[in-house]
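Observations on the three-dimensional arrangement
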Amino acid sequence: QLQLVESGGGLVQPGGSLRLSCAASGFTLNNYGIGWFRQAPGKEREGVSCISSSDGSIYYAESVKGRFTISRDNAKNTVYLQMNSLKPEDTAVYYCGADVGVEDTAVQGMCVMGAADGDHTMNYWGKGTLVTVSS
């Protein structure tokens, strides 16, 4: 059973915070680049933040820089997305995806191509977790 499972979504007010988790089972996340992606109704999927296999390089979409932080906990085989200062436009279903052997120089490309052509780019996808930012 090779899978990713997201958790941590919910309803928050603008300015609030959430931490999303992406837990892997059946494989070791150390060997994979990981991306957080989101898709809102009627919108294209976008790459929010991606991290290389070695943790040596991180990419953030311009819209979330300074507000979101991606990190790993290898002991728990889990990747996190800490989201602060949330805005209504952050409302979306958030997905994590894993792509084997992503070098530092390939992080941005993986994040962009994962959004545009995720079935070919990513090895594994989670089912998603809904984040709603509303007052």
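1. Some words on the pattern of salt bridges
- In the structure shown here, the tally under the stated rule is 5 salt bridges.
- Across the pair Glu 46 and Arg 38 runs a salt bridge whose closest N-O atoms are separated by 2.7 Å.
- Relative accessible area serves as the criterion here: at 5%, Arg 38 is assigned to the buried category.
- When the shortest N-O distance is used, the salt bridge between Asp 90 and Arg 67 registers 2.8 Å. Taken together, the positions of Asp 90 in the loop between strand S8 (78–83) and strand S9 (92–100) and Arg 67 in the loop between strand S6 (58–60) and strand S7 (68–73) put the pair 23 residues apart, joining distant regions of the chain. Comparing Asp 90 with Arg 67, the two get one shared label, buried.

2. Considerations on the side chain of Arg 38
- On the secondary structure map, Arg 38 appears in strand S4 (residues 32–39).
- Here the side chain of Arg 38 touches Asp 90 through a polar contact of 2.9 Å, side chain to side chain.
- Of note is the side chain of Arg 38, whose polar atom sits 2.8 Å from the side chain of Tyr 94.

3. Looking at the packing of aromatic side chains
- Under the defined criterion, the tally for this structure stands at 4 aromatic pairs.
- Note on Phe 27 and Tyr 124: the rings are 4.5 Å apart at their centroids and 20 degrees apart in plane angle, and the pair reads as stacked. Of this pair, Phe 27 sits in the loop between strand S3 (18–25) and S4 while Tyr 124 sits in strand S10 (residues 124–125), and the two are 97 residues apart along the sequence.
- Owing to a relative accessible area of 10%, Phe 27 belongs among the buried residues under this scheme.
- A relative accessible area of 18% means that Tyr 124 is categorised as buried.

4. Details of the state of the cysteines
- With the rule as written, the count across this model stands at 2 disulfides.
- In this model Cys 22 forms its disulfide with Cys 96; the gap between the sulfur atoms is 2.0 Å. Sign of the S-S torsion, about 75 degrees for the bond between Cys 22 and Cys 96, identifies this disulfide as right-handed. Residue Cys 22 is located in strand S3, and its partner Cys 96 is located in strand S9; the two are separated by 74 residues in the primary sequence.
- Here Cys 50 connects covalently by a disulfide to Cys 111, the sulfurs 2.2 Å from one another. The sign of the 85 degrees torsion about the S-S bond sets the Cys 50-Cys 111 disulfide as right-handed. Here Cys 111 lies in helix H1 (residues 107–116) and Cys 50 lies in strand S5 (residues 46–51), a separation of 61 residues in the sequence. Judged on exposure class, the residue Cys 50 and its partner Cys 111 are both buried.
- Looking at the chain, its bonded cysteines, counted consecutively from the start of the sequence, adopt the pairing 1-3, 2-4.

5. Things to note about the nonpolar core
- In this structure, Leu 4, Trp 36, Leu 81, Met 83 and Tyr 94 are the most contacted members of the largest nonpolar core, which totals 29 residues.
- Elements with a contribution of two residues or more to this core: S3, S4, S5, S7, S8, S9 and strand S11 (129–133).
- Setting aside residues no more than four positions away along its own chain, Leu 81 makes contact with Leu 18, Arg 19, Leu 20, Trp 36, Val 48, Ser 49, Phe 68, Thr 69, Ile 70 and Tyr 94.

6. Quick look at the side chain of Thr 78
- Structurally, Thr 78 can be placed in strand S8.
- A polar side-chain atom of Thr 78 sits 2.8 Å from the main-chain carbonyl oxygen of Lys 76.

So, how was this worked out
Residues numbered from 1 in each chain as written. Predicted model: local features only at pLDDT ≥ 70, side-chain atom pairs only at ≥ 80, totals over all residues. Heavy atoms only, no water. Salt bridge = Lys/Arg side-chain N within 4 Å of Asp/Glu carboxyl O. Buried < 20%, exposed > 50% of the residue type's maximum accessible area, 1.4 Å probe, protein only. Helix = DSSP H or I, 4+ residues; strand = E, 2+ residues; numbered from the N terminus. Polar contact = N/O pair within 3.5 Å; in protein donor to acceptor, adjacent residues only side chain to side chain. Phe/Tyr/Trp six-rings, centres within 6.5 Å; stacked < 30°, edge-to-face > 60°. Disulfide = S-S within 2.5 Å. Core = buried A, V, L, I, M, F, W, Y, C linked by side-chain atoms within 4.5 Å. Contact = heavy atoms within 4.5 Å.

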